[in-house]
Amino acid sequence: TPFPRMQHFAENQWWLGLLVVRVAVGATMVAHGYNHIYRGGKIKGTAGWFESLGMKPGIFHAWLASITELVAGAGLVLGLLTPLCAGALMGTLLVAFVTNHRTAGFFVFRRPTEGWEYIMNLVAAMLAIACVGPGKWSLDDASFFWPHGWWSLVIALVVGFGGATATLVTFW
């Protein structure tokens, strides 16, 4: 091409954009898991809330959701095991959608229960990350271990929808 520096810039701009999305979504999920464990009503309050939503035993699901958000969120930030992390977070979000958000309408500021706009956007971000993969600036790319493209999406969908379905059928 007549402008090789422009092509290089455009490619790096793509990887930077993907890194920003991956880190923002991953950090949001880490903060969410941290909040469930250490803030507000802490893990005991989270467990009581989960029980009130019909997820029993509440303490098990509070820890399961919180640890998933912490570990899989950190995995997204690092771009490590990206399809599994995106799928695990998607599954957690889908369970939240079914148990708490689906009947509240679209907008998150509706009370007493929040709507599902926030959940929808996070699930869309997980799907997008699974579709494109973690990018060149990730531990997955450095290891050449995890598949990208369609296989990444398939793994995330199986883990996300399969995990959510199994959790809901078994415990809700």
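None of the values given here were measured: they were computed from a predicted structure.

Cut-off values and rules
Residues numbered from 1 in each chain as written. Predicted model: local features only at pLDDT ≥ 70, side-chain atom pairs only at ≥ 80, totals over all residues. Heavy atoms only, no water. pLDDT = per-residue confidence, 0-100. Helix = DSSP H or I, 4+ residues; strand = E, 2+ residues; numbered from the N terminus. Core = buried A, V, L, I, M, F, W, Y, C linked by side-chain atoms within 4.5 Å. Buried < 20%, exposed > 50% of the residue type's maximum accessible area, 1.4 Å probe, protein only. Contact = heavy atoms within 4.5 Å. Polar contact = N/O pair within 3.5 Å; in protein donor to acceptor, adjacent residues only side chain to side chain. 1 Å grid on protein atoms, 1.4 Å probe; cavity = no way out; pocket = protein on both sides within 12 Å on 5 of 7 lines; lining within 4 Å. Points joined across faces, edges and corners; volume = space filled by probe spheres on them. Nonpolar A, V, L, I, M, F, W, Y, C, P; charged D, E, K, R; others polar. Axes fitted to C-alpha atoms, helices over the stretch in contact; angles between N-to-C directions. Left-handed = near helix turned anticlockwise from the far one by under 90°. Phe/Tyr/Trp six-rings, centres within 6.5 Å; stacked < 30°, edge-to-face > 60°.

Details of the confidence of the model for the protein
The predicted model of the protein averages 91 in pLDDT, with 91% of residues at 70 or higher. Here helix 1 (residues 4–38) is the element of the protein with the lowest mean pLDDT, 88, and helix 3 (residues 58–78) is the one with the highest, 97.

Digging into the nonpolar core
Counting residues in each nonpolar core, the largest one holds 29 residues, and the members touching the most others are Leu76, Leu93 and Met126. Every element with two or more residues in this core is listed here: helix 1, helix 2 (42–52), helix 3, helix 4 (82–101), helix 5 (117–132) and helix 7 (150–171). Look past the residues within four positions of Met126 in its chain and what remains in contact with it is Val25, Met29, Leu76, Ala86, Leu89, Met90 and Leu93.

Describing the side chain of Thr92
Here Thr92 is to be found in helix 4. Of note is the side chain of Thr92, whose polar atom sits 3.0 Å from the backbone oxygen of Ala88. Setting aside residues up to four positions removed in sequence, Thr92 forms contacts with Ala65, Thr68 and Glu69.

Description of the layout of surface pockets
Taken as a whole, the largest pocket encloses approximately 730 Å³ of empty space. The element contributing the most residues to the lining of the largest pocket is helix 4, with 10 residues. Here the residues of the lining of the largest pocket are counted per class, giving 16 nonpolar, 18 polar and 4 charged.

Let's talk about the packing of helix 5 against helix 7
At a minimum axis distance of 6 Å, the contact between helix 5 and helix 7 shows a crossing angle of 145°. Crossing of helix 5 against helix 7: the hand is right-handed. On helix 7, the residues that touch Leu127, Ala130 and Cys131 of helix 5 are Ser152, Leu153, Ala156 and Leu157. Taken together, the residues of the contact of helix 5 with helix 7 break down into 6 nonpolar, 1 polar and no charged.

What about the packing of aromatic side chains?
Under the defined criterion, the tally for this structure stands at 7 aromatic pairs. Aromatic pair Tyr34 and Tyr38: ring centres 4.8 Å apart, planes at 40°, arrangement tilted. With Tyr34 and Tyr38 both in helix 1 and 4 residues apart, this pair spans about one turn of that helix. For Tyr34, a relative accessible area of 43% translates into the label partly exposed.

Some points on unusual backbone geometry
Going from Lys56 to Pro57, the amide bond is cis rather than trans, its omega being 0°. When you line up the elements, Pro57 lands in the loop between helix 2 and helix 3. Phi is positive for Lys42, close to 60°, though the residue is something other than glycine. For Lys42, a relative accessible area of 46% puts it in the partly exposed group. Positive phi values are uncommon outside glycine, yet Leu81 reaches one of about 55°. In this fold, Leu81 is placed in the loop between helix 3 and helix 4.

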